[in-house]
Amino acid sequence: MLRAALPILLLFALWEAAVVGLAIDPFYLPSIRVVAAAMQAQSGFYLDAYLVTLAEAALGFAMGGLVGVASALLFTRLPMVKDMVLPIFIVSQTVPVIAFGAIVVLWFGNTLMAKAAIAFYLTFFPVTINTLAGIAAVDARQVALLRSFGAGQGAVMRKLLLPAALPRIFTALRLSASLALAGAIVGEWFGATRGVGAMLLAAMFNEQIVSLWASILVAAAVGGTLFAAVALAERAMVFWREEL
Amino acid sequence: MTATKLSISGVGKNFGAVRALDRVDLDIAPGEFVTLIGPSGCGKSTLFNMLAGLLEPDAGGTILLDGKPGKLLGRTAFMPQRDLLLPWRNVLDNALLPCEIEGLPRAETRARAEKMAVDFGLRGFEKHFPQQLSGGMRQRVALMRTFMFERDLMLLDEPFGALDALTRSMMQRWLLDIWARYRRTIIFITHDIDEAIFLADRVVVMSARPGRIKLDRRIELPRPRDAHLLTAPEFTAIKRELLDAVEEESLKSFSA
Ligand SMILES: Nc1ncnc2c1ncn2[C@@H]1O[C@H](COP(=O)(O)OP(=O)(O)OP(=O)(O)O)[C@@H](O)[C@H]1O
Ligand SMILES: [Mg+2]
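Scope of this entry: the structure provided in the associated data block. Predicted model, so just to flag it, every value in this text is computed and none were measured.

**A few points about the sheet that holds strand E9 (residues 213-218) of chain B**
Neighbouring strands of a sheet are bound in pairs by backbone hydrogen bonds; such pairs are parallel or else antiparallel. All names here are of chain B. Overall, mixed pairing links the six strands, which are arranged E5-E6-E7-E3-E8-E9 in an open sheet. Edge strands, defined here as strands with exactly one partner in the open sheet, are strand E5 (77-79) and E9. Put simply, the sheet's adjacent strands are angled 15 degrees from each other on average, direction ignored. Relative to E9, strand E8 (residues 202-206) is paired through five bridges, and the arrangement is antiparallel. From the neighbouring strand, Met206 faces E9, where its bridge partner is Ile213. Against the sheet, helix H7 (residues 233-255) touches strand E3 (33-37), E8 and E9, its axis set at about 170 degrees to E9.

**Some details on the packing of helix H9 (residues 196-205) of chain A against helix H10 (residues 209-237) of chain A**
Residue and element names in this part refer to chain A. The contact between H9 and H10 brings their axes to 8 Å, and the two run at 160 degrees. With respect to each other, H9 and H10 are oriented roughly antiparallel. With respect to the hand of their crossing, H9 and H10 are arranged in left-handed fashion. Of the residues in H10, those touching H9 at Val196, Met199, Leu200, Ala203 and Met204 are Ser211, Leu212, Ser215, Ile216, Val218, Ala219 and Val222. Considered class by class, the residues forming the contact of H9 with H10 number ten nonpolar, two polar and no charged.

**A few points about the site of ligand 1**
Residue and element names in this part refer to chain B. Close to ligand 1 lie 13 residues; Ser40, Lys44, Ser45, Thr46 and Arg209 are nearest. Contact between ligand 1 and Ser40: an oxygen atom at 2.5 Å from a side-chain N or O atom of the residue. The contact in question runs from an oxygen atom of ligand 1 to an N or O atom on the side chain of Ser45, over 2.8 Å. Tallying contributions element by element places helix H1 (residues 44-51) first for the shell around ligand 1, with three residues. Residue composition of the shell around ligand 1, grouped by class: three nonpolar, seven polar and three charged.

**Quick notes on the interface of chain A and chain B**
With 20 residues of chain A at the interface, the matching set in chain B holds 22 residues. Carbon and sulfur atoms supply 69% of the area buried between chain A and chain B, which totals about 2,000 Å² over both sides. The interface formed by chain A and chain B includes two salt bridges. For Glu100 of chain B, the salt bridge is made with Lys159 of chain A, and the minimal N-O distance between the two is 2.9 Å. For the pair chain A and chain B, the number of links is four residue pairs in polar contact (both at pLDDT 80 or more). Every element with two or more residues in the side of chain A that touches chain B is listed here: helix H7 (140-148) and helix H8 (153-188) of chain A. The element best represented in the side of chain A that touches chain B is H7 of chain A, accounting for seven residues. For the side of chain A that touches chain B, a count of residues per class yields eleven nonpolar, three polar and six charged.

**Things to note about the coordination of the magnesium ion (ligand 2)**
Of the protein atoms, only Ser45 of chain B (OG) and Gln81 of chain B (OE1) coordinate the magnesium ion (ligand 2), at distances of 2.0 to 2.6 Å. Highlighted residues: Ser45 of chain B in helix H1 and Gln81 of chain B in the loop between E5 and helix H2 (91-102), separated in sequence by 36 residues.

**Things to note about helix H6 (residues 112-136) of chain A**
Residue and element names in this part refer to chain A. With 25 residues, H6 ought to run about 36 Å at 1.5 Å a step, and its terminal C-alpha atoms sit 36 Å apart, in line with that. Along its length, H6 reaches its greatest deviation from straightness, about 25 degrees, at Phe120. Of all the 25 residues making up H6, 19 are buried; the element is thus mostly covered by neighbouring parts of the structure.

**Comments concerning the pattern of salt bridges**
This structure, assessed with the given rule, holds 31 salt bridges over all chains. Linking Arg89 of chain B and Glu100 of chain B is a salt bridge whose minimum nitrogen-to-oxygen distance equals 2.7 Å. Here the residue Arg89 of chain B occupies a position in the loop between E5 and H2, and Glu100 of chain B occupies one in helix H2, the gap between them amounting to eleven residues. A salt bridge links Arg106 of chain B to Glu100 of chain B, with the nearest nitrogen and oxygen atoms 3.3 Å apart. A relative accessible area of 46% places Arg106 of chain B in the partly exposed class. For Glu100 of chain B, a relative accessible area of 22% puts it in the partly exposed group. Within the structure, one salt-bridge network assembled from shared partners comprises Lys159 of chain A together with Arg89, Glu100 and Arg106 of chain B.

**Describing the side chain of Arg89 of chain B**
Given a relative accessible area of 10%, Arg89 of chain B falls into the buried group. At 2.8 Å, the side chain of Arg89 of chain B forms a polar contact with the backbone oxygen of Asp93 of chain B. If we ignore the near neighbours within four places in the chain, the residues touching Arg89 of chain B are Lys159 of chain A together with Asn94, Leu97, Glu100, Phe129 and Pro130 of chain B.

Conventions adopted
- Residues numbered from 1 in each chain as written.
- Chains lettered and ligands numbered in written order.
- Predicted model: local features only at pLDDT ≥ 70, side-chain atom pairs only at ≥ 80, totals over all residues.
- Heavy atoms only, no water.
- Pairing = 2+ DSSP bridges.
- Helix = DSSP H or I, 4+ residues; strand = E, 2+ residues; numbered from the N terminus.
- Axes fitted to C-alpha atoms, helices over the stretch in contact; angles between N-to-C directions.
- Contact = heavy atoms within 4.5 Å.
- Parallel < 35°, antiparallel > 145°, perpendicular 65-115°, else oblique.
- Left-handed = near helix turned anticlockwise from the far one by under 90°.
- Nonpolar A, V, L, I, M, F, W, Y, C, P; charged D, E, K, R; others polar.
- Near = heavy atom within 4 Å.
- Polar contact = N/O pair within 3.5 Å; in protein donor to acceptor, adjacent residues only side chain to side chain.
- Buried area = accessible area lost by both parts, 1.4 Å probe.
- Salt bridge = Lys/Arg side-chain N within 4 Å of Asp/Glu carboxyl O.
- Donors = N, O, S within 2.8 Å, 3.2 Å for Na, K, Ca; no water.
- Expected span 1.5 Å × (residues − 1).
- Bend = angle between axes of the 7 residues up to and from the residue.
- Buried < 20%, exposed > 50% of the residue type's maximum accessible area, 1.4 Å probe, protein only.

This is the structure in structure tokens:
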């Protein structure tokens, strides 16, 4: 906790020093103290934005992670399905997320699920690809050993392929944490009234510079929360990382 | 006539254009300790892969286990050339892997593994992870895993190949001890002639690629065996005989 807090405090100090030392126009960069004061004055408002966006991003992230890993396992088990479905996955990723936004809002309305769906869309693919790569990297002799013990496909999957792919899966999840946040924010741009994305848009249109910077800090807090959760899970599950 | 545990006849293997193994014929009696020696690349591991059911012999070859043909997967206890321990499992859980795959009752196999860990010199290390172990210990865990998979026929592919000489000779005596206690049939691949003679009831020498059986030598040295045996005249006589055969084949595999 302390190791994460220290660099952030240092960054804030640098920020403040630059603003004061270089006499920067607050239009370009307001003082951190002013931003912090604004956030404190409207703490309920900012906390609401934090929680709303966190819920959207976390839900999309969880769905993306689960679907990503599950589809990679399915593809490994049934290569025919992989040959049919993976190209569709790839094509889906060539469509920019912005293009989907309007349709998703049309389908789901202005709901939590609409934003989560966009976050999901951005996250499942890197997880699928990395899980597949992790499984492909497993030593064939290791698979042979398990088969010599009479292991079927299911046992090889559970006891070897999935755990061996965990380091790669977590690499993808860390990347996906920030993608999920981006997805949730973009989702909010299609007419949401709550959340970090909505706050960012409002601040931009009204040229409320302090509020804009406050929104950025809240966005960073959401991203940091997701990232920390992934890092904690990784530390617990991939303690053996140095090998393989 | 004594029963045969394993009967190999006319077993060969091509990998594309490479003839890895020629026709191999070999019968092994129950409880026998057979060491297999031969130049690198002569097809020893390939033969093991076929005995473990991981690879099909080319047409014409048959492998009978307990006199019966049929699927071999899961019927022999196979220990590959590398320890292949799973880094996310501790010592005990690595050794329990084959039992888990078999679906044996957990509490029972765990108790058995805890007892066996003492025999394998792993007491106090049950909760350690492979990364925390020395090479010799890792090898003992891999061996214990092979013993936990209770099959009469064990295939050990250079289990001590990566160990230093001192650890190695300790492990050899220890393995004989374990073998005497658990009474399994063992085929043991090695590159070390001393090791081959010291352990075996029979030493089988293979030719350079494509592998065939060049020499099948019964070793009638008394058991239990200890380190002094290595300098006994009977031992050196056998060693000279085997060295001649092995060197001839090694030279062939170099000039080929
Ligand atoms: N899966 C495979 N595909 C193609 N060639 C193979 C395969 N496995 C083994 N070979 C070849 O077959 C030959 C025998 O290999 P094998 O591993 O059985 O030798 P070995 O006697 O165990 O050697 P070493 O003592 O070095 O372990 C080698 O020439 C090897 O390159
Ligand atoms: Mg080999």
